[in-house]
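Okay, here's what each chain looks like letter by letter:
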Amino acid sequence: MKLFDARRPRLTAEPVALRHAPAIQRWASDARIAATTQMPHPYPEDGAVTFVAEASKAWKAGTDFIFAICVDDEAIGTCGLKHAHQGAAELGYWVGVPFWGQGYASQAARLVAGFGFEQLGLKRVEAHVLEQNPASSRVLDKLGFAEFRRDQAPCGCGAEGDRAIFYNLPAEVWATVTRA
């Protein structure tokens, strides 16, 4: 299964697989990625292979749906829905540093949120970003997410003591955003 937008066909999102691991390993090893995500730094040598294996198990269990973000068939990051339960899931995404500021995270997040609402029947998608990551907040704003609180960042996200912004997107808001 590949998710794509006919208006920007270079980018696709497909379930993460071992073929994506070398590129994920390369991009995830950058300390700037760890500073804005829940990834450790230094990224373990087998980090991407382990990540893909865990993501595949979670997909089969129906709890997490992690996609490789691909441009011209090369993985540049990941985007997924985690903790799918009782009509809700948490959206997360990252792209390699060379791809920042080019709209890839926004496009991938749109595709994956759409998958959640349209294929999984989610009623709500949530997300959080670190306060010091305004680019990630802009991704969520473009998709219609609304901030609902600011609090201590979840364990494993950023540095200890970092604060996060928590967002929410109900299905009925998504429906109005996608029609626009």
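Here goes a summary of the coordinates provided. Nothing here was measured: the structure is a model prediction, and the numbers come from that model. (Residues numbered from 1 in each chain as written. Predicted model: local features only at pLDDT ≥ 70, side-chain atom pairs only at ≥ 80, totals over all residues. Heavy atoms only, no water.)

### Some points on the nonpolar core
Next up, step 1: Formed by 55 residues in total, the largest nonpolar core has its most connected members in Cys79, Leu81, Leu91, Tyr93, Val112, Leu140 and Phe145.
Next up, step 2: Not counting the four nearest positions on each side in its chain, Val112 is found in contact with Leu3, Ala13, Phe67, Cys79, Gly80, Leu81 and Leu91. (Core = buried A, V, L, I, M, F, W, Y, C linked by side-chain atoms within 4.5 Å. Buried < 20%, exposed > 50% of the residue type's maximum accessible area, 1.4 Å probe, protein only. Contact = heavy atoms within 4.5 Å.)

### So, the packing of helix H1 (residues 21-28) against helix H3 (residues 47-61)
Next up, step 1: Axis separation between H1 and H3 bottoms out at 8 Å; the angle between their running directions is 120 degrees. Considering their axes alone, H1 and H3 lie oblique with respect to each other. In this structure, the crossing between H1 and H3 has a hand that is right-handed. Across the interface between the two elements, Ala21, Ile24 and Gln25 from H1 touch Gly47, Ala48, Val49, Phe51 and Val52 from H3.
Next up, step 2: Residue composition of the contact of H1 with H3, by class: six nonpolar, two polar and no charged. (Axes fitted to C-alpha atoms, helices over the stretch in contact; angles between N-to-C directions. Helix = DSSP H or I, 4+ residues; strand = E, 2+ residues; numbered from the N terminus. Parallel < 35°, antiparallel > 145°, perpendicular 65-115°, else oblique. Left-handed = near helix turned anticlockwise from the far one by under 90°. Nonpolar A, V, L, I, M, F, W, Y, C, P; charged D, E, K, R; others polar.)

### Here we look at H3
Next up, step 1: With 15 residues, H3 ought to run about 21 Å at 1.5 Å a step, and its terminal C-alpha atoms sit 21 Å apart, in line with that.
Next up, step 2: Residues of H3 that are buried: Gly47, Ala48, Val52, Ala55 and Ala58. End-on view of H3: buried residues confined to an arc of 130 degrees, all on one side of the axis. The exposed set on the far side of H3, more than 90 degrees from its buried face, consists of Glu54, Lys57, Lys60 and Ala61.
Next up, step 3: The elements touched by buried residues of H3 are H1 and strand S3 (65-71).
Next up, step 4: Positive backbone phi, approximately 80 degrees, marks Gly62, located one or two places after H3. (Expected span 1.5 Å × (residues − 1). Arc of directions from axis to C-beta.)

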